[in-house]
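Here's the letter readout for the chains.
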Amino acid sequence: MPREIVSLQAGQAGNQIGSKFWEVISNEHCIDPTGHFAPEEHDVHTDTRLERISVYFDEGSAGKYVPRSVLIDLEPGTMDSIRGSRYGALFHPDSFINGQSGAGNNWAKGYYTEGAEMIESVLDVVRKQTEGCDSLQGFQLVHSLGGGTGSGLGSLVVSKVREEFPDRMIATFSIAPSPKVSDTVVEPYNATLTTNQLLENSDLTFCIDNEALYDICQRTLKVTAPTYGDLNHLVSAVMSGVTTCFRFPGQLNADLRKLAVNMVPFPRLHFFTTGFAPLVSAGSQAYQNLSVTELTTQLFDARNMMAACDPRRGRYLTVSAIFRGHMSTKEVETQMSTYQNKNSSYFVEWIPHNIKTAICDVPPRGLRFSGTFVGNTTAISEIFKRVSDQFVQMFRRKAFLHWYTAEGMDEMEFTEAESNMSDLISEYQQYQEAGVDEEFEEDDTEDLILDKKLGQV
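Residues numbered from 1 in each chain as written. Predicted model: local features only at pLDDT ≥ 70, side-chain atom pairs only at ≥ 80, totals over all residues. Heavy atoms only, no water.

A. Expanded view of the packing of aromatic side chains. If you walk through the whole model with that rule in mind, you get 28 aromatic pairs. On the numbers, 5.0 Å between centres and 50° between planes, the contact of Phe139 with Phe165 is tilted. Placement of the pair is Phe139 in strand β6 (residues 136–144) and Phe165 in the loop between α6 (149–164) and β7 (169–176), with a sequence separation of 26 residues. In this structure Phe139 comes out as buried when scored by relative accessible area, which is 1%. In this structure an aromatic cluster arises from ring pairing among Phe21, Trp22, Tyr56, Phe57, Phe91 and Phe96. The residue whose ring lies beneath Arg83 is Phe96, and the NZ or CZ to ring-centre distance is 4.5 Å. A cation over a ring is seen here: Lys398 above Phe395, with NZ or CZ 5.2 Å from the ring centre. (Phe/Tyr/Trp six-rings, centres within 6.5 Å; stacked < 30°, edge-to-face > 60°. Helix = DSSP H or I, 4+ residues; strand = E, 2+ residues; numbered from the N terminus. Buried < 20%, exposed > 50% of the residue type's maximum accessible area, 1.4 Å probe, protein only. Lys NZ or Arg CZ within 6 Å of the ring centre and 35° of its normal.)

Right, here's the structure in full:
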């Protein structure tokens, strides 16, 4: 039985990446822009492309497949451009929900005022989408942390969905602020307030940032002037890779819950960095013979990480590698264990087998093999530290605060969000430096329970 996912996309960034993602997914399942199944003549995977298509698509009348998606924005511009795009006719007209006034890069507008007025109609569509599911696996949200709608309304949607579906998984693909390039001045405020919400309400958060994507496009793919279309294509390649195992049959399967159980050692540390392989420029594609070794090397390469943090400056708590294409399971396992043994200093030693692998038989269109990397590394705290430093500098002078308080926010919320983020940074630091034999100071009650258990033994 397929385990369905409801896809939510909020704000301009979320909707642009989301629509690119639907293009990639439709292409992989041979769904044409009108929503009909159109297999290629000599495709050996034709049957498997339809087998679990209901993970992301509902089947409408006359064999039309409709994305199980909710598109949310506080202004009509992005929605209009999606409707007018090549794949615009794919989406159900009721799944577009937009306001008129916009959030104006203000988290408070998205969370409290403008967003709160719209949240009921969003939840109605979400309920309608979930009612059609046989066995709902969870939700995925695509949004950015720095804007107004993606961060504010995105946070509100996640918290309401968590309230209504407490036992379902929530994964978010979050565009984090870049180190040098900033689209908005108040980005540190919006990102800190959103991270505070994601800490409580999300199960898996894949952090992606534009600067890392620009670097990959220019350095690896040799694209001289990357557009947002190029960047969004990279993100959708990762999104499609993460969800491969429950869309296609494979030798080793994984779903959102399996991914979370193997990747999240402590509930708050669920922020991941991602990578994709093979990434080669169009000119040098013919010169490369891809092997599992080559894929593994590229997957773990720090320059191919899609978040602006250097994994060499931290340690991996856990890693998940999802391979696609016909390959030997033994070869994959051997490569993984060889890599871990060679680079053992980059993995925490108190989790003996930190790497989870999954293998799917169906490769992406146009490739023989591919790999998707998801890493839970303590180096991700660099992103939070950078945002936190910028937040403190502005908040100390109470700069721009009046825009937020005018929407009904309290200064205490800022202080709480900032201290929650500081705690997260210290937690990453603590686990990075921990050895096998060190004991953590836990709650006395937990020690008492343990003592009782030991006494019984």
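B. Spatial organisation of the pairing of β6. For β6, the buried fraction is high: nine of the nine residues fall into the buried class. Pairing of strand β1 (residues 4–10) with β6 involves six bridges; the strand directions are parallel. Considered in β6, the bridge of Leu8 is made with Leu141. Pairing between β6 and β7: seven bridges, direction parallel. Bridging across to β7, Ser144 finds its partner in Ile175. (Pairing = 2+ DSSP bridges.)

C. Up close: α6. Look at α6: 21 Å from first C-alpha to last across 16 residues, which is about the 22 Å you get at 1.5 Å a residue. Of all 16 residues in α6, 13 are buried; the element is thus mostly enclosed. (Expected span 1.5 Å × (residues − 1).)

D. Representation of the pattern of salt bridges in the model. Evaluation of the coordinates by the stated rule reveals 21 salt bridges. Put simply, Glu114 and Lys109 hold a salt bridge, and the shortest N to O gap is 3.8 Å. Lys109 sits in the partly exposed class, given a relative accessible area of 23%. A salt bridge links Arg303 to Asp301, with the shortest nitrogen-to-oxygen separation between them at 3.0 Å. Several salt bridges share partner residues, and in doing so they unite Glu120, Asp124, Arg127 and Glu164 into one network. (Salt bridge = Lys/Arg side-chain N within 4 Å of Asp/Glu carboxyl O.)

E. The arrangement of the side chain of Glu28 in detail. Along the chain, Glu28 falls in helix α1 (residues 11–28). At 3.0 Å, the side chain of Glu28 forms a polar contact with the side chain of Ser240. Among the polar contacts made by the side chain of Glu28, one reaches the side chain of Arg324 at a distance of 3.0 Å. (Polar contact = N/O pair within 3.5 Å; in protein donor to acceptor, adjacent residues only side chain to side chain.)

F. Main features of the pairing of strand β13 (residues 370–377). Within β13, eight of the eight residues are buried, which leaves the element mostly enclosed by the surrounding structure. Neither face of β13 is exposed, since Ser370, Thr372, Val374 and Asn376 on one face and Gly371, Phe373, Gly375 and Thr377 on the opposite face are all buried. For strand β10 (residues 271–277) and β13, the ladder comprises five bridges, and the chain directions are antiparallel. Directly across from Gly275, in β13, lies its bridge partner Phe373. Here strand β11 (residues 316–324) pairs with β13 via eight bridges, running antiparallel. Note that in β13 the partner of Phe323 across the bridge is Gly371.

G. Examining the packing of helix α5 (residues 114–131) against α6 more closely. Across the interface, α5 lies against α6 with an axial gap of 10 Å and an inter-helix angle of 50°. Relative to α6, the element α5 is oriented oblique. As α5 runs across α6, the sense of the crossing is right-handed. Taken together, the residues of α6 that come into contact with α5 (itself represented by Gly115, Ala116, Met118, Ile119, Val122, Leu123 and Arg127) are Leu153, Leu156, Val157, Lys160, Val161 and Glu164. Residue composition of the contact of α5 with α6, by class: nine nonpolar, one polar and three charged. (Axes fitted to C-alpha atoms, helices over the stretch in contact; angles between N-to-C directions. Parallel < 35°, antiparallel > 145°, perpendicular 65-115°, else oblique. Left-handed = near helix turned anticlockwise from the far one by under 90°. Contact = heavy atoms within 4.5 Å. Nonpolar A, V, L, I, M, F, W, Y, C, P; charged D, E, K, R; others polar.)

H. Looking closely at unusual backbone geometry. With an omega of 5°, the peptide bond between Ala277 and Pro278 qualifies as cis. Positionally, Pro278 belongs in the loop between β10 and α11 (292–299). Phi is positive for Asn105, close to 55°, though the residue is something other than glycine. Structurally, Asn105 can be placed in the loop between β5 (96–98) and α4 (107–111). Residue classification places Asn105 among the partly exposed residues on the basis of a relative accessible area of 36%. Despite not being glycine, Lys222 shows a phi value in the positive range, around 55°.

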